[in-house]
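Chains, contacts and geometry: an overview
Chain residues, written in single-letter form:
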Amino acid sequence: MTSIHRHYNVSSANALHVYAFSVHFQMKVKVLSRNPDDYVRETKLDIQRVPRNYDPSLHPFEVSREYTRALNATKLERVFAKPFLASLDGHRDGVNCMAKHTKSLSTLLSGSCDGEVKMWNLTKHDCVRTLQAHEGFVRGIVVRYCGTSFFTVGDDKTIKQWKMEAPGYGEAEEPLNTILGKTVFTGLDHHQKEAVFATCGQQVDIWDEQRSSPIRSFTWGVDSFSSVRFNPVETELLASCASDRSIVLYDMRESAPLKKVIMTMRSNTLCWNPMEAYHFTCANEDYNLYTYDMRNLDRPFMVHMDHVSAVLDVDYSPTGKEFVSASFDKTIRIFQKDGGHSREVYHTKRMQHVICVKWSADNKYILSGSDEMNIRLWKANAAEKLGVLAPREKQAINYNQKLKEKFQHHPQIRRITHHRHLPKNIYHQTKELRIMKEARKRKERNVRKHSRPGTVPVVSEKEKHVVTVVK
Amino acid sequence: SMAASKSDPFPGPAPIPKERVQKFKRKDKAKKPRHQHFKLRDMMKRSDEASEMSQKQAARFDLLLPEDAGFLEGDEDEDTCTISQEDIAEAVDITSGAKYFNLKLSQFGPYRVDYSKTGRHLLLGGRRGHVACIDWQSKHLMCEINVMESVNDVKWLHSEAMYAVAQKKWLYIYDSNGIELHCIRKFNDVLRMQFLPYHFLLATASATSFLQYLDVSVGKEVAAFCTKTGRLDVMCQNPHNAIIHLGHPNGTVTLWSPNQKEALVKMLCHQGGVRSVTVDKTGMYMVTSGLDKKLKVYDIRAFKPLKSYFLPAGASCLSLSQRGLLSAATGDVVQVYRDVWSAPVTKPYMAHRVRGSVWGLHFCPFEDVLGVGHGDGFTSMLVPGAGEPNFDGLDANPYRSAKQRQEWEVKALLEKIQPELISLDPTELGYVDRATFEQRHRDRVQALGYDPLAKEKFVPKYKKKGRSSAGAVERRKKQVAHEDQRDEIRKTVEDKMKMEKEIKERAQKKAALSNQKSALDRFKK
């Protein structure tokens, strides 16, 4: 009789070999047999076991399912897009300027048109300190880099330096230092690392904190400047917006301005990109914002178009990838640094002309100060969930974000992503501006068609807005 | 020192076997866009790199899969098809041996079989009205009813909570406790059903040649087509693209999607009627059997016949397992074949005789088990190597708890695919829509109701003081017409000149490359 080996199923590590005598043949057989202990959790307190197999044949319809998930994610983003957080009430006149505290995320300083400066605690949404800084508008306010004091300039031709701590009981609010100037100052900015600040008014002055007269003054044939900004990365560079529709670049170490670019309309303010040392964005009166590369000023690197009235203020996000702009049409818009159109627009019935805007240093909030004496706190990412997120929540959010990015070009998804409700006047104004623009383009095309080829050159949109660069 | 000079004997990342990488490969790298699109090129490059990385990671993960597939190997001189089920059941462990069992139900007619998607639950429907659902591994009877009517087909819906029964007149939906939930009168005389799991669609084929789709999540009929091809009792689905295959008595197999009233494809497969159709899970191969006793294998992506076998008794039921084993049944014999499409098959892998004539066949997902419904009841037979050894816990998990099932159901409903996306190529959404200009123009004309590009007829302005006499108007019209004509001529001449210049340049380049001198060169301009 032939001996027979019967091999038992070897699904576990220990194989049992049983030898038995039986009938004919010798075969090797294994039938799938799973041990439930490997697939079911041991106790109620464990997490469930989820074995994975990424074989594509087990997961059919990849593209369609991902598309459906992306569509759901897009729709949910619009459902959860509630950006307005709080309104800081207390000023008795329009808010003219704001300053971020350099060391504390929850403090904001704001100056109003009646000379009042208020310090706000953003977590409690209330005003911590009020002081009467100037008679007339507070034109500029900036916190020193160390965070222990702040400077204000006003319509009463003074520069004042104040302590950051509130005065003790019974003491009056007194500035640390007052500098009297000869002319009105319209803007103020402080150096990132040294005890130096710059003001602009009739000329751009560089001041040392210990001196009472400017250490250097830059003029270039213009009689009024509207804003001045230090470059946060290349800390010796400055830029200012002048009333002859130009933007002037200075180096603090030199005695004369570097160069200037003259545009078709005046810029109100400008802001340097905190991550890219050579880019700055200026908010212009012709409803656009222009991002320039300071090394090549003869054409802007990008033209950002979406506002329907003059753009009054601009501020960059600390990541340097996006910026927010405040406009005379009562909206604020968030643009990407290389995007020609805005990705988001915030508006409220109660918010009137927005004069100043700031992006908080933790990249999460946007603060807007407007004509009607309120400062509003918004979320930078409208559908974001604030607070501590569980790791699974974060994973789900990241996955949804990636899905939306992947399918952003599909028409249905693009339609939902781009849809924003706009106030009726802005909606109609946008349409009207588009019709006007198209009419102009059509006219130019016709003129080009009916004249000798070459006499009417094609000027790109970017070059159209720059008149000249002067060195 | 010695330690510093030691170098890695296997530098670089571990190599991945080619077949594994091929298994996870998606489509080839996309074409690079043209010159000026810097941003787009950058984005495409990054996405290609990320895609390749994720494919390689998935291929590496394959190493960690816990289970191996089953197998059955006999001696050198021995046929595996002569090994009986009892022998296999004795040779394997107790749990696997218990998977071979017979249910003697001779009273209520031949049985139709369906396993749920996870493979845990079994649904039996007898011709004379007996419907039972069982958790077949623990032999726990979930429900057992007699619907008092003839039952044509039974099908599980998306989970073990509900199933559909095609009864003599109408379509009924029951709960897993046997409670009748719905009686859908719109679906009458249903003979066969197929459930599309990712679309939550129940496709039904009726005796009145209607193919209807029911969305079971919303409860609406999505589409109904009169196929005009007679009684529809041969039906299967392609799990890869959710297309329904119908077999007809004139030997054709037609492919249907809920978006088109006509069949997408009509294939002539057999010389007689088609008896059974089945498609494998990758959507690559279709196996059909007909009244001409032939078993044919087709490549369904290219619609080409691959193999044709002669079965002495034909095959009335066909079923394909997850690992590509084909089971064919005639009369009361069930035969299982392996590798029908790659190598020529001469003999079956396994065979088994059941007690009654076979009426329904279904491989159990994720188990090495074939369920046979026949005239004498139900037989569950062991087929080593049939089931996919490693399931995905997030998709179909036989060991899921109630909570996991609830979570899975919610997620599946949220990502339910709309029926508009069903087409022959399931990845169609991933392609760039390169509709030609003409196509887009035609769509725009249809949408707007008029042609926006069409030039409006020139109507000259009516001038006063007698300047709009007939002659003057005609003169003005002629002037505009002449100018337009001049524009057109100028354009065509320009285009022609450009083309000629290009041809000349190309010829010159060619000549320069080939450097052949001919006597006529000096006459060339």
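Conventions and cut-offs
Residues numbered from 1 in each chain as written. Chains lettered and ligands numbered in written order. Predicted model: local features only at pLDDT ≥ 70, side-chain atom pairs only at ≥ 80, totals over all residues. Heavy atoms only, no water. Helix = DSSP H or I, 4+ residues; strand = E, 2+ residues; numbered from the N terminus. Rg over C-alpha atoms; globule rule 2.2 N^0.38 Å. Buried < 20%, exposed > 50% of the residue type's maximum accessible area, 1.4 Å probe, protein only. Contact = heavy atoms within 4.5 Å. Areas by Shrake-Rupley, 256 points an atom, 1.4 Å probe, with all protein chains shown as cover. Buried area = accessible area lost by both parts, 1.4 Å probe. Salt bridge = Lys/Arg side-chain N within 4 Å of Asp/Glu carboxyl O. Polar contact = N/O pair within 3.5 Å; in protein donor to acceptor, adjacent residues only side chain to side chain. Nonpolar A, V, L, I, M, F, W, Y, C, P; charged D, E, K, R; others polar. Pairing = 2+ DSSP bridges. Axes fitted to C-alpha atoms, helices over the stretch in contact; angles between N-to-C directions. UniProt positions renumbered as here; feature names shortened; annotations may be inferred. Phe/Tyr/Trp six-rings, centres within 6.5 Å; stacked < 30°, edge-to-face > 60°. Lys NZ or Arg CZ within 6 Å of the ring centre and 35° of its normal.

1. What about the overall build of chain B?
When helices and strands are counted, chain B shows eight helices and 29 strands. Its C-alpha atoms give chain B a radius of gyration of 32 Å, more than 25% over the compact-globule value 24 Å for 525 residues. Overall size of chain B, expressed as C-alpha extent along the three principal axes, is 105 × 85 × 50 Å. Taking all 525 residues of chain B together, the buried fraction comes to 46%. Taking all contacts inside chain B whose residues are at least 6 apart in sequence as the whole, residues at least 24 apart take part in 45%. A total accessible area of about 30300 Å² is found for chain B, and carbon and sulfur atoms account for 54% of it.

2. Focus on the interface of chain B and chain A
On the side of chain A, 42 residues touch chain B, which itself brings 64 residues to the contact. Both sides of the chain B and chain A interface together cover about 5000 Å² of buried area, and 57% of this is carbon and sulfur. In this structure, the connection of chain B to chain A is made through seven salt bridges. Taking the shortest distance from any N to any O, the salt bridge between B:D392 and A:R52 comes out at 2.8 Å. Counting every contact that joins chain B to chain A gives 21 residue pairs in polar contact (both at pLDDT 80 or more). For the side of chain B that touches chain A, the secondary-structure elements that each account for two or more residues are helix 3 (38-61), strand 1 (71-73), helix 4 (85-91), helix 5 (94-97) and helix 6 (402-414) of chain B. Partitioned by chemical class, the residues of the side of chain B that touches chain A number 28 nonpolar, 16 polar and 20 charged. The pairing of strand 3 (residues 28-30) of chain A with strand 1 of chain B spans three bridges and is antiparallel. Its bridge partner being in strand 1 of chain B, A:K30 is matched across the sheet by B:F71.

3. Concerning the sheet that holds strand 12 (residues 201-206) of chain B
Residue and element names in this part refer to chain B. What the four strands build is an open sheet, ordered 11-12-13-14; its pairing is antiparallel. Two strands in the sheet have a free side with no partner beyond their single neighbour: strand 11 (190-196) and strand 14 (220-226). For this sheet the average axis-to-axis angle between neighbouring strands, irrespective of direction, equals 20°. Summarising the sheet, strand 12 and strand 13 (residues 210-215) pair through five bridges and their orientation is antiparallel. Opposite L202, over in strand 13, you have L214 as the bridge partner.

4. Brief notes about the UniProt feature "domain: BING4 C-terminal" (unreviewed entry) in chain B
When the UniProt feature table is mapped onto this chain numbering, "domain: BING4 C-terminal" (unreviewed entry) sits at residues 348-426 of chain B. Note that residues 348-426 of chain B is 16% helix and 28% strand, and that its end C-alpha atoms are spaced 34 Å apart.

5. Structural notes on the packing of aromatic side chains
Under the counting rule described, the total for this entry stands at 25 aromatic pairs over all chains. Measuring from centroid to centroid gives 4.4 Å for B:Y285 and B:W341, while their planes differ by 15°, and the two rings are stacked. Of this pair, B:Y285 sits in strand 20 (residues 285-290) while B:W341 sits in the loop between strand 25 (333-337) and strand 26 (350-353); the two residues are 56 residues apart in sequence, bridging distant segments of the chain. An aromatic cluster is present here, built from A:Y39, B:F366, B:F391 and B:Y399 joined pairwise through their rings. A cation sits over an aromatic face here: B:K169 above B:W170, 5.5 Å from the ring centre. Over the aromatic face of B:W408 sits the side chain of B:R400, whose NZ or CZ is 4.7 Å from the ring centroid.

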